[in-house]
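Listed here are the chains, written in short residue letters.
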Amino acid sequence: MAAARGLGWAGATALAALLLSPVISLGLAALGGGSELWPHLAAYVLPQAIRDTALLLAGVGLLVIGLGTGTAWLVSAFDFPGRRVLEGALLLPLAMPTYVVAYAYLDLLHPLGPLQGGLRSLLGLPSPRDLPLPDLRSLPGCILLLGFVLYPYVYLPTRALFLMQAGTLLEAARMLGAGPYRSFLRIALPLARPAVALGTGLALMEALNDVGAAEFLGVRTLTVQVYATWVNRSDLPGAAQIALVMLTCVVALVGLERLARGGRGYAGSARRNAAVTRRGLSGWRAGTAVALGTAPVVLGFLLPAGYLAFEAWRRIAGAGWPDTLAVQTRNTILYASLATGVTVLVGLLVAAAPFLLSARAGRALIRAAGLGYAMPGTVLAVGLLGPLALIDSGLFEAGLATVSVGLGTGAALVIAYTLRFLTVTVGASEAGLARIPHTISDAARVLGRGRLATLATVQIPLAWPAVLSGGLLAFVDIAKELPVTLLLRPLNVETLSTYLYGEAARGTYEDGAVAAVLIVSIGLVPVTLLLRIDQNAIWRR
Amino acid sequence: MSPLSRKCAWSGLALSLGLGATAHAAEVNLYTTREPGLIRPLLEAYTAKSGVKVNTVFVEKGLAERVAAEGARSSADILMTVDIGNLIELVDRDLAQPVRSPALEAAVPAPLRDAGGRWFALSMRARVLYADENLSGLTAATYESLADPQWKGQVCLRSGQHPYNTALISAFLVRHGAEKTEAWLRGLKANLARKAAGGDRDVARDIAADLCEVGLGNSYYVGLMRSGRGGPDQQKWGQAIKVVLPTFEDGGTHVNVSGAVVAKAAPNREEAVKFLEYLVSDEAQAVYANADYEYPVKAGAAIDPLLASLGTLTIDRTPLLEIARSRKAASLLVDKVGFDN
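Residues numbered from 1 in each chain as written. Chains lettered and ligands numbered in written order. Predicted model: local features only at pLDDT ≥ 70, side-chain atom pairs only at ≥ 80, totals over all residues. Heavy atoms only, no water.

(A) Region of the structure containing the overall build of chain A. In terms of helices and strands, chain A carries 23 helices and two strands. Taken over the C-alpha trace, chain A has a radius of gyration of 24 Å; the compact-globule value for 541 residues is 24 Å, and the two agree within 12%. Over its C-alpha atoms, taken along the principal directions, chain A stretches across nearly 80 × 70 × 50 Å. Among the 541 residues that make up chain A, the fraction classed as buried is 57%. Sequence separation of at least 24 residues holds for 83% of the intrachain contacts in chain A that already meet a minimum separation of 6. Of the roughly 21,500 Å² that chain A leaves accessible, carbon and sulfur atoms contribute 70%. (Helix = DSSP H or I, 4+ residues; strand = E, 2+ residues; numbered from the N terminus. Rg over C-alpha atoms; globule rule 2.2 N^0.38 Å. Buried < 20%, exposed > 50% of the residue type's maximum accessible area, 1.4 Å probe, protein only. Contact = heavy atoms within 4.5 Å. Areas by Shrake-Rupley, 256 points an atom, 1.4 Å probe, with all protein chains shown as cover.)

(B) Layout of the environment of A:T378. Residues and elements named next belong to chain A. Considering the arrangement of structural elements, one finds T378 in helix α17 (residues 377-397). In sequence terms T378 and T485 are 107 residues apart; their C-alpha atoms lie 8.9 Å from each other. In contact with T378, other than residues within four places in its own chain, are Y227, W230, P483 and L487. Of the polar contacts made by the side chain of T378, one reaches the side chain of Y227; its length is 2.7 Å. (Polar contact = N/O pair within 3.5 Å; in protein donor to acceptor, adjacent residues only side chain to side chain.)

(C) Region of interest: the side chain of B:N256. All names here are of chain B. Mapped onto the elements of the fold, N256 is located in strand β9 (residues 255-263). Looking at N256, its side chain comes within polar contact range of the side chain of D83, at 2.7 Å. Other than its neighbours up to four places away in sequence, N256 contacts V82, D83, I84, S123, M124, R125, P163 and A167.

(D) Examining the nonpolar core more closely. If you look at the biggest cluster of nonpolar residues, it comprises 282 residues, and the most contacted ones within it are B:L79 and B:Y130. The element contributing the most residues to this core is helix α2 (residues 37-77) of chain A, with 14 residues. Leaving out residues up to four positions away in the same chain, B:L79 has contacts with B:Y31, B:L63, B:V67, B:L90, B:L95, B:G259, B:A260, B:V261 and B:A263. (Core = buried A, V, L, I, M, F, W, Y, C linked by side-chain atoms within 4.5 Å.)

(E) Looking closely at helix α13 (residues 283-319) of chain A. Where α13(A) bends most, at A:V298, the angle is about 50°. Backbone geometry just downstream of α13(A) places A:G320 in the positive-phi region, at approximately 80°. (Bend = angle between axes of the 7 residues up to and from the residue.)

(F) Structural view of the pairing of strand β8 (residues 241-244) of chain B. All names here are of chain B. On β8, burial covers both faces: I241 and V243 on one face and K242 and V244 on the other are all buried. Pairing between strand β5 (residues 120-132) and β8: four bridges, direction antiparallel. By the bridge assignment, D132 is partnered in β8 with I241. (Pairing = 2+ DSSP bridges.)

(G) Structural context of the packing of helix α2 (residues 36-50) of chain B against helix α11 (residues 269-279) of chain B. Residues and elements named next belong to chain B. Here α2 crosses α11 at 115°, and the two axes come no closer than 11 Å. Two packed elements cross with a definite hand, and for α2 against α11 that hand is right-handed. Contacts between α2 and α11 pair L42, L43, A45, Y46 and K49 from the former with E271, K274, F275, Y278 and L279 from the latter. Residues belonging to the contact of α2 with α11 are distributed by class as follows: seven nonpolar, no polar and three charged. (Axes fitted to C-alpha atoms, helices over the stretch in contact; angles between N-to-C directions. Left-handed = near helix turned anticlockwise from the far one by under 90°. Nonpolar A, V, L, I, M, F, W, Y, C, P; charged D, E, K, R; others polar.)

(H) Main features of the interface of chain A and chain B. Facing 66 residues of chain A, the contacting portion of chain B comprises 68 residues. Together, the buried faces of chain A and chain B total about 5,600 Å²; carbon and sulfur atoms form 53% of this surface. Joining chain A to chain B, the criterion identifies five salt bridges. Summed over the shared surface of chain A and chain B, the result is 22 residue pairs in polar contact (both at pLDDT 80 or more). Of the residues belonging to the side of chain A that touches chain B, the class tally is 34 nonpolar, 17 polar and 15 charged. (Buried area = accessible area lost by both parts, 1.4 Å probe. Salt bridge = Lys/Arg side-chain N within 4 Å of Asp/Glu carboxyl O.)

(I) Up close: the confidence of the model for chain A. For chain A, mean pLDDT is 86; residues scoring 70 or higher make up 94% of the total. When pLDDT is averaged over each helix and strand of chain A, the minimum, 75, is found for helix α23 (residues 509-540) of chain A and the maximum, 96, for helix α6 (residues 139-150) of chain A. (pLDDT = per-residue confidence, 0-100.)

(J) Inspection of the state of the cysteines at higher detail. Residue and element names in this part refer to chain B. Enumeration according to the criterion identifies one disulfide over all chains in this entry. Across the disulfide from C156 sits C212; the S-S distance is 2.1 Å. The disulfide joining C156 to C212 has a torsion of about -105° about its S-S bond and is therefore left-handed. Residue C156 is found in strand β6 (residues 155-156), and its partner C212 is found in the loop between α8 (200-208) and β7 (214-218); the two are separated by 56 residues along the sequence. Here C212 falls in the buried class, since its relative accessible area comes to 0%. (Disulfide = S-S within 2.5 Å.)

(K) Structural detail: a positive patch on the surface. Residues A:R258, A:R360, A:R363 and A:R367 make up a contiguous surface patch of positive charge. For A:R363, the position within the fold is in helix α15 (residues 359-369). (Patch = residues over 30% accessible without salt bridge, like charges linked within 9 Å, V, L, I, M, F, W, Y side chains within 5 Å. Lys, Arg positive; Asp, Glu negative; His and termini not counted. Charge placed at Lys NZ, Arg CZ, Asp CG, Glu CD.)

(L) Main features of helix α4 (residues 84-92) of chain B. Residues and elements named next belong to chain B. Burial within α4 is extensive, with eight of its nine residues counted as buried. Put simply, D83 is the residue that caps the front of α4, since its side-chain oxygen is 3.0 Å from the backbone nitrogen of G85. Phi for D94, located one or two positions after α4, is positive at around 60°.

(M) The arrangement of the pattern of salt bridges in detail. Across all of its chains, the model carries 34 salt bridges over all chains by this definition. With a shortest N-O distance of 4.0 Å, B:D292 and B:R34 are connected by a salt bridge. Of this pair, B:D292 sits in helix α12 (residues 282-292) while B:R34 sits in the loop between β1 (27-32) and α2, and the two are 258 residues apart along the sequence. Accessibility classification places B:D292 together with B:R34 in one group, the buried group. The partner of B:E60 in a salt bridge is B:K61, with the nearest N and O atoms 3.5 Å apart. Within this structure, A:D79, A:R83, A:E87 and A:R159 form a network of salt bridges that share partners.

(N) Geometry of the packing of aromatic side chains. Throughout the structure, instances matching the rule amount to 14 aromatic pairs over all chains. Summarising the aromatic geometry, the rings of A:Y373 and A:F421 are spaced 6.1 Å apart at their centres and angled 65° between planes, so their arrangement reads as edge-to-face. Of this pair, A:Y373 sits in helix α16 (residues 371-374) while A:F421 sits in helix α18 (residues 410-435), and the two are 48 residues apart along the sequence. With respect to class, A:Y373 is no different from A:F421; both count as buried. Summarising the aromatic geometry, the rings of B:Y143 and B:F248 are spaced 4.8 Å apart at their centres and angled 50° between planes, so their arrangement reads as tilted. Taken together, the residues B:Y143 in the loop between β5 and β6 and B:F248 in the loop between β8 and β9 connect sequence positions 105 residues apart. B:F248 sits in the buried class, given a relative accessible area of 1%. (Phe/Tyr/Trp six-rings, centres within 6.5 Å; stacked < 30°, edge-to-face > 60°.)

(O) Unusual backbone geometry, seen in detail. Backbone geometry at A:N492 places phi at a positive 65°, although glycine is not the residue there. Checked against the element boundaries, A:N492 lands in the loop between α21 (483-488) and α22 (496-505). A positive phi angle, close to 60°, is found at B:D250, a residue other than glycine. Its location among the elements puts B:D250 in the loop between β8 and β9.

(P) Structural view of a nonpolar patch on the surface. Residue and element names in this part refer to chain A. Side chains of L20, I24, L28 and L31 sit close together on the surface and give an oily, nonpolar patch of about 430 Å² of accessible area. The residue L20 is located in helix α1 (residues 2-31) in this model. In this structure L20 comes out as partly exposed when scored by relative accessible area, which is 36%.

(Q) Representation of the confidence of the model for chain B. Taken residue by residue, chain B gives an average pLDDT of 91. The fraction at 70 or more is 93%. Segment residues 19-24 of chain B: pLDDT under 50, and six contacts once partners within four positions in sequence are set aside and those in other chains are kept.

In structure tokens, the structure reads:
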């Protein structure tokens, strides 16, 4: 027993060291540079970059909260024709990498593209100059694009929460005479706050770390500036300095949110919750509901995915199936599965750490698990280069390895993916574990089960649906991940996203489109499963 | 599953996990910042000819950091980049080793390689003017003239922080000094028709869409677009522009290079040198020219007809090394004038 706890502490310490290592390594890099960059940044870069980043985050935040909670409420509280289909379809944008959506929309919305072209011919205008429309290559364009792709991060947990916890309370509110708006604003929304906060946090982190879409659309966020400093000026210390300041801000914001939430717990009661009784809609009300619910699906998924499918079809019809895609698909699935397995397992242990070790140490570990998601992918990967090399040289000197086992191997990729997306599975597992009434695990402990045994036999089975949905979300994220893969992969290993990026970079869109469609298709499988699991989770309770 | 196919499956799995990716004889490992699709024809031709397998990994950002971290155990033999700045960075960070090769020295002209053999240019691209095909009066241009108020609201360009533009601005800086470069950048920014964003092909597309009249792009994109390899849409963009080879006042057209170094810890050094020698052979230079629409570095090597039709290239004499050394200053100037904002 004591030995098991000792092992637990040792494991937690090693994990904490690994989680902190990229930050420490970046810190060392930052120290290697002087402070001479900052007057330049303060004078010419930061005012605009901070403003654009803040506006981008505020815009995307409002949009994902509005779209995510609005659609979650729509499909949970109302019944209308097509609701069940819509319930699943609303998740579809999750499968789309943001930079791919940016490419697709620029093609679709360009003056030479089908939409503006069609509009001009309808109006009888010969030149694009006669029809000056706002350019997608702008901050508002970037906000809209990211918002419509990232809202499912809010929709998914919020909908689950509405379905699971809201039933009894909403019933009560309704009996007391509250209308749908009032019960949404006064009951459902405050109740859903942890889920909305979790989802919005993930979506904002994605938006902040996005480089592909922002750079392509000409939005100069802080992250884009980190890249300019590092890549274009070969100034890694300077880039590390900016990245660390950004990371500090993110950590502070997350801390503030937790502080504001206070110690409030959201554990369920052991009693079965009543499911929400949906209010039936018909006539124009049903039509409006369908239209409102469908719009995000169309804009975040159907339009860009349809365009890509069309381009892919043109490519296959013209030149056949690209011959390397089978291997790339296999690599993508292989790495994503392996890394997801590790991420789920580690995530579960981290989420259970407050219970297994001590509350304080466990919470510290959970915070550390969020670091990888809070920094841009390439920055994380660069930060990992040093620690991985250190592991390698340690193994070499100890005579335990003759070839590299860290850098330039699949292991490095799996470690990097795990560190990057750990917070996704930790968050889901935390939520799953928190939903289990304390009385159940307390009962197991009183009846003589050890902590680990209680976790394995009581808590995990109860929290399993949430854990699994975290895993599926992580799988989708890993399958479409780009910057970490680009920097750390082994020789001759191409995944669908690295291939797509290469093709997009040299402008052979049609070849890339087939890969893009495959990435989206691979993402669709877990996205579909996500929905089923959610429902199971509800019926089981 | 038969034992054999099971074995194959396992070794395939191990390979894709990067296990057992140790160096064998008759292999050469190439780390490149260049999109793999562009050099695949070259690699395949080399393997067919020599039997040597070329393993590749495309590392777009952070190539130097990765190789530096891998250190003495790095499996990299050759590091290939698409920009002189990134190439010189490898030398400056002591990640390259000197190479003495009569074949390389004979093929690559002195200004396009290091006297100490630490880097070699392999192909060139010119930064050219894309202009609306209806601008019939426009037959010659200087880079300086793009800041003229006559182009107000008529210029499309990608980000000033993109290495292709930074190298050009850097060349301007070496030639004209900081004050004049800053004034030029301000003038150029004032002439932009839209945000400096997207890629070089977007410049052609925007000209085709009548959003702007002129812009700068790399020469090989013209070949890629006009050849139809990027699809019928891009062919239309390529045909909607005419290309002028601009020069500096009293100078030539700005070119950037793709180039390579032999990695300091190269496990297959000899194979690496042989591969580099192949890349500057007549055969490989022709592949560069035909597959990528790049200018060969080897004097007298054939230029693709599509590229040759753009006009006779007079290369600007600003030394590549100086351009590489000034790129940081150029990048800071881009920030200072808020070029991308």
